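Notes for the structure review
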Amino acid sequence: MHVVHVAAEALPFVKVGGLADVLGSLPRALAAEGVRSTVLLPRYAEIAHPLEPQGELAYRCCGEARRARVWGAEAGGVAYRFLEVDPDWSAPYEPPEDARYLAFAQAAAAWLAGERYDLLHAHDWHAAYTVRLARRPTVFTIHNLAFQGELEPDRFERLTGTAPDAELLHEGRVNLMKGALLAADRVTTVSPRYAREIQTPEYGMGLDGVLRSVADKLSGILNGLDTEYWNPATDGFLPQKYDADHLERKRRNRMTLLAALRLDPGLPAVGAVTRLTWQKGFDLVLETLPQVLDLGVNFVLLGTGEAELERGFAEAARRYPRRVAFHAAFDEARAHRIYGGADFFLMPSRYEPCGLAQMIAMRYGTPPIARATGGLADTVEDGVTGVLFEEASPEGVLAGVERMLDLDAEPLARAGMTRDFSWGPRARAYRKLYEEILT
Ligand code: ADP
């Protein structure tokens, strides 16, 4: 079986967010299951990897004939192809996004027309229009429902040379994601619980009605972790490497972490590594931080994002210098030391399609205190590998921390470390889905 993935980003070539992790690891995991993948991406100027020229592609865009240079590379045994639709396009999501990804989608369809493959797997709105043009068996995966590829109908007509049909229109505008949801053979998102949640007005981002109408072809498959990279037994960022039988070494990591941050060495540490956006719910934490600290914990936060939240946590760190540490940075080494040194890991997300951080935390024996939503609810077992709380509110966060402190943490830490968060079973789920479509 040969699957072509179409997406906006993929490691090791270009990364903005979690989509790149998935496109960097799922194709390799599929290969281990006997599914060959080719990954098709836009050629961004910032890609530093050496790419091989592969000739030119003729395609139609904006009602005219165009040519795109095609580039190729191999990584981890997977073939990657890059379509250069705009030599000035330096990085993903650089405006004008709609014009650029529509050009890419049309070029991708032209490229696919010349290929032998069994199935198209399109990811997020950037690849959505390709689903409609390719007219082949297709899986469409929602990684981020917040971005749907919306534009005015007349602009769409200018950028494609065709008027939008009814399936592409949503509330008077073109909605590329909606078009793919209706056209694809199967639709997936990145956890089973999130697949149900997005059919409700609360989580549907305006597309819940459309998602309900395709419920019979919609399912959720969890993302996997790169368990070789995220492994406390081999992690070179940690002062002490450890496994489930040597949790005393993890306690030494905690002492090193607390000493470096000048926090209270006599109290456990609640850690967090996150983007600071509305989705992640850290405004709720800020509101109840004094009460959380009163429970007798340190709080260690690594994260960047909204200026107001960064200011708020910087202020809290000044007010409680012995109890709160905050770094507004993207810092891989520090992230590892928090996963490997904190006692608990806080994730109060308002919504969470899958979430990797909670899986990393469990793998590092750091039980999550997480909101019962999306992939968090599907991966954290309440009272077994962590604590789930229901309410996205300051009271919910406080109750979650309180409940965790009432539990004996060590069995939870151990249980989390034995869970399988690898890509293997999840790649098998995708293979099964592909097989269902093709038979
Ligand atoms: P999302 O993709 O919505 O940001 P995930 O939990 O799926 O959330 O993935 C977040 C990933 O990014 C995790 O690997 C986490 O460790 C990492 N990360 C987030 N913020 C930072 C930061 N400030 N420094 C280092 N790593 C970070």
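Residues numbered from 1 in each chain as written. Predicted model: local features only at pLDDT ≥ 70, side-chain atom pairs only at ≥ 80, totals over all residues. Heavy atoms only, no water.

So, the overall build of the protein chain
Within the protein chain, the regular secondary structure consists of 16 helices and 18 strands. At 23 Å, the protein chain has a C-alpha radius of gyration in line with the 22 Å of a compact globule built from 439 residues. With respect to the principal axes defined by its C-alpha atoms, the protein chain has extents near 70 × 45 × 40 Å. When each of the 439 residues of the protein chain is scored for burial, the buried share is 57%. Taken as a whole, the protein chain presents about 17,700 Å² of accessible surface, with 49% of it coming from carbon and sulfur. In the protein chain, which carries 49 positive and 60 negative side-chain charges, the distance between the mean positions of the two groups comes to 3 Å. (Helix = DSSP H or I, 4+ residues; strand = E, 2+ residues; numbered from the N terminus. Rg over C-alpha atoms; globule rule 2.2 N^0.38 Å. Buried < 20%, exposed > 50% of the residue type's maximum accessible area, 1.4 Å probe, protein only. Areas by Shrake-Rupley, 256 points an atom, 1.4 Å probe, with all protein chains shown as cover. Lys, Arg positive; Asp, Glu negative; His and termini not counted. Charge placed at Lys NZ, Arg CZ, Asp CG, Glu CD.)

Notes on the sheet that holds strand β15 (residues 324-327)
If you trace the 6 strands from one edge of the open sheet to the other, you get β15-β14-β13-β16-β17-β18, paired in parallel fashion. Each edge of the sheet is formed by a strand with only one pairing partner; in this case those strands are β15 and β18 (387-389). Sheet twist, expressed as the mean angle between neighbouring strand axes with direction ignored, is 20°. Of the pairings in the sheet, the one linking strand β13 (residues 269-276) to strand β16 (residues 344-347) comprises 2 bridges and is parallel in character. When the bridges of β16 are listed, glycine 271 appears paired with phenylalanine 345. (Pairing = 2+ DSSP bridges. Axes fitted to C-alpha atoms, helices over the stretch in contact; angles between N-to-C directions.)

Here we look at the site of the ligand
The ligand sits among 17 residues. The nearest are Arg275, Lys280, Ala329, Tyr339 and Leu356. The contact in question runs from an oxygen atom of the ligand to an N or O atom on the side chain of lysine 280, over 2.8 Å. At 3.0 Å from an oxygen atom of the ligand is found a main-chain nitrogen or oxygen belonging to leucine 356. For the ligand, whose free accessible area comes to 560 Å², the fraction covered by protein is 85%. Looking at the shell around the ligand, the elements that each hand over two or more residues are β13, β14 (298-305), α11 (332-339) and α12 (357-363). Take the shell around the ligand: its biggest share by element is 3 residues, from β13. For the shell around the ligand, the residue count by class is 10 nonpolar, 3 polar and 4 charged. (Near = heavy atom within 4 Å. Polar contact = N/O pair within 3.5 Å; in protein donor to acceptor, adjacent residues only side chain to side chain. Nonpolar A, V, L, I, M, F, W, Y, C, P; charged D, E, K, R; others polar.)

What about a negative patch on the surface?
Judged by side-chain charge, Glu287, Glu390, Glu391 and Glu395 come together as a negatively charged surface patch. The residue glutamate 395 is located in helix α14 (residues 394-406) in this model. Taking relative accessible area as the criterion, glutamate 395 reaches 54% and is therefore assigned exposed. (Patch = residues over 30% accessible without salt bridge, like charges linked within 9 Å, V, L, I, M, F, W, Y side chains within 5 Å. Salt bridge = Lys/Arg side-chain N within 4 Å of Asp/Glu carboxyl O.)

Here we look at the sheet that holds strand β10 (residues 173-175)
Strand order across the open sheet formed by 3 strands is β8-β10-β9, with antiparallel pairing between neighbours. Every interior strand has two partners, whereas the edge strands, β8 (150-151) and β9 (169-170), have only one. Here β9 runs beside β10; their pairing, made up of 2 bridges, is antiparallel. From the neighbouring strand, leucine 169 faces β10, where its bridge partner is valine 174.

Considering the environment of glycine 77
The topology assignment puts glycine 77 in the loop between β4 (64-75) and β5 (78-84). For glycine 77 and proline 411, which are 334 residues apart along the polypeptide, the C-alpha to C-alpha distance reads 39 Å.

Points about the UniProt feature "binding site: ADP-alpha-D-glucose" (unreviewed entry) in the protein chain
The sites that carry the UniProt feature "binding site: ADP-alpha-D-glucose" (unreviewed entry) are, in the present numbering, Lys15. Within the fold, lysine 15 resides in the loop between β1 (2-6) and α1 (18-32). In contact with lysine 15, not counting residues within four places along its chain, are Glu9, Ala20 and Asp21. In terms of polar contacts, lysine 15 uses its side chain to reach the side chain of aspartate 21, at 2.7 Å. (UniProt positions renumbered as here; feature names shortened; annotations may be inferred. Contact = heavy atoms within 4.5 Å.)

Some details on the domain arrangement of the protein chain
Size of an interface, as often reported, equals the accessible area lost when the parts are brought together. On domain assignment, one finds that the protein chain holds domain 1 (2-224 + 423-438) and domain 2 (247-418). Using only C-alpha atoms to locate each centre, domain 1 and domain 2 end up separated by 33 Å. Taken together, the contact pairs 14 residues of domain 1 with 15 residues of domain 2. Here domain 1 and domain 2 share an interface that buries about 1,100 Å² over both sides, 60% of which is from carbon and sulfur atoms. The interface formed by domain 1 and domain 2 includes 0 salt bridges. Looking at the side of domain 1 that touches domain 2 element by element, the count peaks at 4 residues for helix α6 (residues 192-197). Across the side of domain 1 that touches domain 2, the residue classes break down as 7 nonpolar, 4 polar and 3 charged. (Domains from an automatic or database assignment. Buried area = accessible area lost by both parts, 1.4 Å probe.)

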